[in-house]
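Summary of the model geometry
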Amino acid sequence: MAAPLPTEIKLHQKSRVLEIAFEDGSRFELPCEYLRVYSPSAEVRGHGPGQEVLQLGKEDVTITAIRPVGNYAIAPTFSDGHDSGIYTWEMLYNLGMHQAELWNEYLKKLEQAEAPRSR
């Protein structure tokens, strides 16, 4: 089953949050850091299982631009220059639905790598 379509996308620069609402009534506030560390790009995910690259030092990253990709996705440009991730509606919906567990998973990976967040 395909994810619902977004009905609203707002970038809050000051709080560094992308707010996205979907047609099923779901609304998520996705921090820029969270979106950056879970980028769907090959730079982050690699080209296959086990090739993921743990993203470090992204606490202060912001989104500087958002470009639509067809009718199915957006491609944000981050303040660290990263701009190759295409975030489909389905991916954004899943990132919202599973935000707590994915964020905890990321924090555990940082801890295991002995690379704590600066704040």
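First things first, this report covers the structure right here in the doc. If you're wondering where the values come from, they're calculated on a predicted model, not measured in any experiment. (Residues numbered from 1 in each chain as written. Predicted model: local features only at pLDDT ≥ 70, side-chain atom pairs only at ≥ 80, totals over all residues. Heavy atoms only, no water.)

**Some words on the environment of Pro40**
What counts is decided by this rule: The secondary structure listing takes helices from DSSP runs of H or I that are at least 4 residues long and strands from runs of E that are at least 2 residues long, numbered from the N terminus. Summary of the burial criterion: residues with accessible area below 20% of their type's maximum are buried, those above 50% are exposed, and those between are partly exposed, where the area comes from a 1.4 Å probe applied to protein chains only. Any two residues having at least one pair of non-hydrogen atoms within 4.5 Å are treated as being in contact.
Turning to its location among the elements, Pro40 is positioned in the loop between helix H1 (32-37) and helix H2 (42-45). Pro40 gets classed as partly exposed once you look at its relative accessible area, which sits at 25%. When the C-alpha atoms of Pro40 and Met91 are compared, they prove to be 8.6 Å apart, with 51 residues separating the residues in sequence. Once residues within four sequence positions are removed from consideration, Pro40 is found in contact with Arg45, Gly85, Ile86, Tyr87 and Met91.

**Observations regarding the layout of surface pockets**
The method is simple in principle: a probe with the dimensions of a water molecule rolls over the atoms, and the space it marks as empty is what remains. The condition that has to hold: Of the grid points, spaced at 1 Å and generated over the protein atoms alone, those admitting a 1.4 Å probe that cannot get out make up cavities, while open sets with protein on both sides within 12 Å along at least five of seven lines make up pockets; any residue with an atom within 4 Å of a point is treated as lining. Grid points are joined across faces, edges and corners, and a volume is the space filled by probe spheres set on the points. Each residue is assigned to one of three groups, with Ala, Val, Leu, Ile, Met, Phe, Trp, Tyr, Cys and Pro labelled nonpolar, Asp, Glu, Lys and Arg labelled charged, and all others, Gly among them, labelled polar.
Looking at the largest pocket, its volume works out to about 220 Å³. Looking at the largest pocket, it is lined by 13 residues, and the ones nearest its centre are Val37, Tyr38, Val44, Glu52 and Lys109. Secondary-structure elements contributing two or more residues to the lining of the largest pocket are H2 and helix H4 (99-112). Among the elements that make up the lining of the largest pocket, the one with the highest residue count is H4 (four residues). Its residues placed into classes, the lining of the largest pocket shows seven nonpolar, two polar and four charged.

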